[in-house]
Amino acid sequence: MSRVDIDHVWKVYPRANTAAVKDLTFTVNHKEFLVILGPSGGGKSSTLRMLAGLEDITRGEIRFDGKVVNNLGPAERNVALAFESYALYQRLTVYENIAFPLRAKGMKQPEVHRKVTEIAERFALTPVLKKHPSSLAGGQQQRVSLARALVRQPNLTLLDEPISHMDQRVRAEMRALIRHIHDTMGNTTVYVTHDQAEAIALCDRIAIINGGMLQQIGTVAEIWNRPANKFVAFFVGEPAMNFVTGVVQDGRSVVIPTDQGAKVFRIAGEIDGRYVGREITVGVRPQQITVSREEDGENTIPGRVRLIEFRGEITVLTMDLSDAKKTELKVVVPATERYAPGEVLWLRWPSEIIHLFDGEVPVTPQQPG
Ligand code: ADP
């Protein structure tokens, strides 16, 4: 399969007040690993189930390689599925569960055996092949479900939170394995998660969905540097982007009034003239702020350290700014730098890291990709 087109797709569940998916349009390219990311209830699973053929499409079209598949069932679409609620066949052994889709295709036993043992080895399932799923822990059952989904060569692999029941350490391993299998099989994968770290680790591109609507689709760098709206700016990034209220001074600068006077921030590019004199939201990522003990001119603002969180290689400072709203701001610093609670630090926001928003809408200038 080369590509999947989702074209103005809606999903309205009978008896539901609002649509779960609203006018969704995007394309998954040939051999792409696309992650659908968003908060719970945003419409990710509904979208995936419509791709799988498990859920009717209320309006719009889904096309595989240009061919409309709206009325095809899961088997006719030749898709592989692994869902969080792994539907394993409890009466069958792990071996037979994994073999099932191969036997369904009419594959001969020697070939089935070769494929099952090979994928079982990759998923560390060899010791449990003769067991029944019910005797396995949740994380192990998810691995069986994944192995069963990935054992055959489908047109499209659809994975819905397939590793969310596994513990942290195994998850990192599984991500690498899922990506490796995608790369070696050379097919197209759509992967649903609410976990941005997982999305970033796996994807070629991310489609961010909230409230049933597409917020942005792009590479991690595109989403990080040019968020399509304030929701995306806040949702992607850990710790999340800081927002402070400022006033547009002229086409090149914004001021933030503080107890120590107005702080001026130069902006990269030109702000539309109609914003001059107006309040605006200034966004800066905690990872892009630099810290100094001395005041050093434009594009800096003082803040007092309130909390210090050690996170291994980095430390996260929670600071109180002295602006009118006493905004709480997070800053990421290297763990080698030591600060004390109560200390006043000068925070530098270089022009290139400053995002401006008018409500949800990003205001030019935007950062270079
Ligand atoms: P996500 O996967 O992002 O958590 P879902 O697609 O599961 O989102 O859900 C989107 C919305 O649709 C939610 O409000 C959810 O309650 C609703 N929904 C999901 N499945 C059904 C269903 N079978 N019947 C009615 N409403 C549903």
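Refer to the structure printed above.
Residues numbered from 1 in each chain as written. Predicted model: local features only at pLDDT ≥ 70, side-chain atom pairs only at ≥ 80, totals over all residues. Heavy atoms only, no water.

**Considering the overall build of the protein chain**
Phase 1 of the analysis: Counting its secondary structure elements, the protein chain contains nine helices and 21 strands.
Phase 2 of the analysis: Each of the three principal axes of the protein chain carries a C-alpha extent, and together these read 80 × 45 × 35 Å.
Phase 3 of the analysis: Counting the 369 residues in the protein chain, one finds 49% classified as buried.
Phase 4 of the analysis: Intrachain contacts of the protein chain at a sequence separation of at least 6 include 67% that bridge at least 24 residues.
Phase 5 of the analysis: Of the roughly 16,800 Å² of accessible surface on the protein chain, 52% is carried by carbon and sulfur atoms.
Phase 6 of the analysis: Here the protein chain contributes 45 positively and 43 negatively charged side chains, and the mean placements of these two sets differ by 7 Å. (Helix = DSSP H or I, 4+ residues; strand = E, 2+ residues; numbered from the N terminus. Buried < 20%, exposed > 50% of the residue type's maximum accessible area, 1.4 Å probe, protein only. Contact = heavy atoms within 4.5 Å. Areas by Shrake-Rupley, 256 points an atom, 1.4 Å probe, with all protein chains shown as cover. Lys, Arg positive; Asp, Glu negative; His and termini not counted. Charge placed at Lys NZ, Arg CZ, Asp CG, Glu CD.)

**Comments concerning the environment of Trp-224**
Phase 1 of the analysis: Its place among the elements puts Trp-224 in helix α8 (residues 220–225).
Phase 2 of the analysis: Each C-alpha atom of the pair Trp-224 and Arg-252 lies 22 Å from the other, and the pair is 28 residues apart in sequence.
Phase 3 of the analysis: Among residues more than four places away in sequence, those in contact with Trp-224 are Val-236, Gly-237, Arg-285, Gln-287, Gln-288 and His-355.

**Details of unusual backbone geometry**
Phase 1 of the analysis: Going from Glu-238 to Pro-239, the amide bond is cis rather than trans, its omega being -5 degrees.
Phase 2 of the analysis: Locating Pro-239 in the fold gives a position in the loop between α9 (230–235) and β11 (242–250).
Phase 3 of the analysis: With phi around 50 degrees, His-8 is a residue other than glycine that occupies positive phi space.
Phase 4 of the analysis: A relative accessible area of 42% means that His-8 is categorised as partly exposed.

**Focus: the sheet that holds strand β12 (residues 253–258)**
Phase 1 of the analysis: An order of β13-β12-β11-β14-β20-β21 is seen for the six strands of this open sheet, with the pairing classed as antiparallel. Every interior strand has two partners, whereas the edge strands, β13 (261–266) and β21 (361–363), have only one. Averaged over all neighbouring strand pairs, the angle between strand axes comes to 45 degrees, with direction disregarded.
Phase 2 of the analysis: Of the pairings in the sheet, the one linking β12 to β13 comprises six bridges and is antiparallel in character. The partner of Thr-258 across the bridge, within β13, is Gly-261. (Pairing = 2+ DSSP bridges. Axes fitted to C-alpha atoms, helices over the stretch in contact; angles between N-to-C directions.)

**Comments concerning the layout of surface pockets**
Phase 1 of the analysis: Empty space within the largest pocket amounts to approximately 620 Å³.
Phase 2 of the analysis: Forming the walls of the largest pocket are 22 residues, and the residues nearest its centre are Val-79, Ala-80, Leu-81, Tyr-89 and Arg-152.
Phase 3 of the analysis: Residue assignment for the lining of the largest pocket shows that the elements contributing at least two residues are α2 (74–77), β6 (79–83), α3 (94–104) and α5 (138–150).
Phase 4 of the analysis: When residues of the lining of the largest pocket are assigned to their parent elements, the largest contribution, five residues, is made by β6.
Phase 5 of the analysis: For the lining of the largest pocket, the class distribution of residues is 15 nonpolar, three polar and four charged. (1 Å grid on protein atoms, 1.4 Å probe; cavity = no way out; pocket = protein on both sides within 12 Å on 5 of 7 lines; lining within 4 Å. Points joined across faces, edges and corners; volume = space filled by probe spheres on them. Nonpolar A, V, L, I, M, F, W, Y, C, P; charged D, E, K, R; others polar.)

**Digging into the site of the ligand**
Phase 1 of the analysis: Lining the immediate environment of the ligand, one finds Tyr-13, Ala-20, Pro-39, Ser-40, Gly-41, Gly-42, Gly-43, Lys-44, Ser-45 and Ser-46.
Phase 2 of the analysis: Between the ligand and Ser-45 there is a distance of 2.7 Å, counted from an oxygen atom to a backbone nitrogen or oxygen.
Phase 3 of the analysis: Among the residues forming the shell around the ligand, the class breakdown is three nonpolar, six polar and one charged. (Near = heavy atom within 4 Å. Polar contact = N/O pair within 3.5 Å; in protein donor to acceptor, adjacent residues only side chain to side chain.)

**Notes on the sheet that holds strand β3 (residues 33–37)**
Phase 1 of the analysis: The sheet built from six strands is open, its strands ordered β6-β7-β8-β3-β9-β10 with mixed pairing. The sheet terminates laterally at β6 and β10 (213–218), the two strands that pair on one side only. Along the sheet, successive strands turn relative to each other by an average axial angle of 15 degrees, direction set aside.
Phase 2 of the analysis: As judged from the four bridges shared by β3 and strand β9 (residues 205–210), these two strands associate in the parallel manner. Bridging across to β9, Val-35 finds its partner in Ile-206.

**Details of α3**
Phase 1 of the analysis: Those residues of α3 lying buried are Val-94, Tyr-95, Asn-97, Ile-98, Ala-99, Pro-101 and Leu-102.
Phase 2 of the analysis: Considering only its buried residues, α3 is in contact with α4 (109–122) and α5.
Phase 3 of the analysis: Of the residues flanking the end of α3, it is Gly-106, one or two places downstream, whose phi is positive at about 85 degrees.

**Describing the nonpolar core**
Phase 1 of the analysis: Core analysis: the largest hydrophobic core is formed by 45 residues, its most contacted members being Ile-98 and Phe-123.
Phase 2 of the analysis: When sequence neighbours within four positions are dropped, the list of residues in contact with Phe-123 reads Arg-143, Leu-146, Ala-147, Leu-150, Met-174, Leu-177 and Ile-181.
Phase 3 of the analysis: With 29 residues, the next largest nonpolar core counts Ile-289, Val-331, Val-333 and Val-363 among its residues. (Core = buried A, V, L, I, M, F, W, Y, C linked by side-chain atoms within 4.5 Å.)

**Some points on the pairing of strand β20 (residues 355–358)**
Phase 1 of the analysis: Both strand β14 (residues 279–284) and β20 contribute to a ladder of three bridges, which runs antiparallel. In the sheet register, Val-282 faces β20, and the bridge partner there is Leu-356.
Phase 2 of the analysis: Hairpin connection of β20 to β21: two residues between the antiparallel strands, including Gly-359 at a positive phi of 65 degrees.

**Points about α4**
Helical geometry note: an α-helix holds 3.6 residues per turn, so side chains three or four residues apart project in the same direction.
Phase 1 of the analysis: The end-to-end C-alpha separation of α4 is 20 Å, in line with the 20 Å expected for 14 residues at 1.5 Å each.
Phase 2 of the analysis: The set of residues buried in α4 consists of Val-112, Lys-115, Val-116, Ile-119 and Ala-120. Angular distribution of buried residues about the axis of α4 spans 125 degrees; they occupy a single face of the element. Pointing more than 90 degrees away from the buried face of α4 are the exposed residues Pro-110 and Glu-121.
Phase 3 of the analysis: Elements in contact with the buried residues of α4: α3, α5 and α6 (168–185).
Phase 4 of the analysis: Looking one or two residues beyond α4, the residue adopting positive phi is Ala-124, at roughly 55 degrees. (Expected span 1.5 Å × (residues − 1). Arc of directions from axis to C-beta.)

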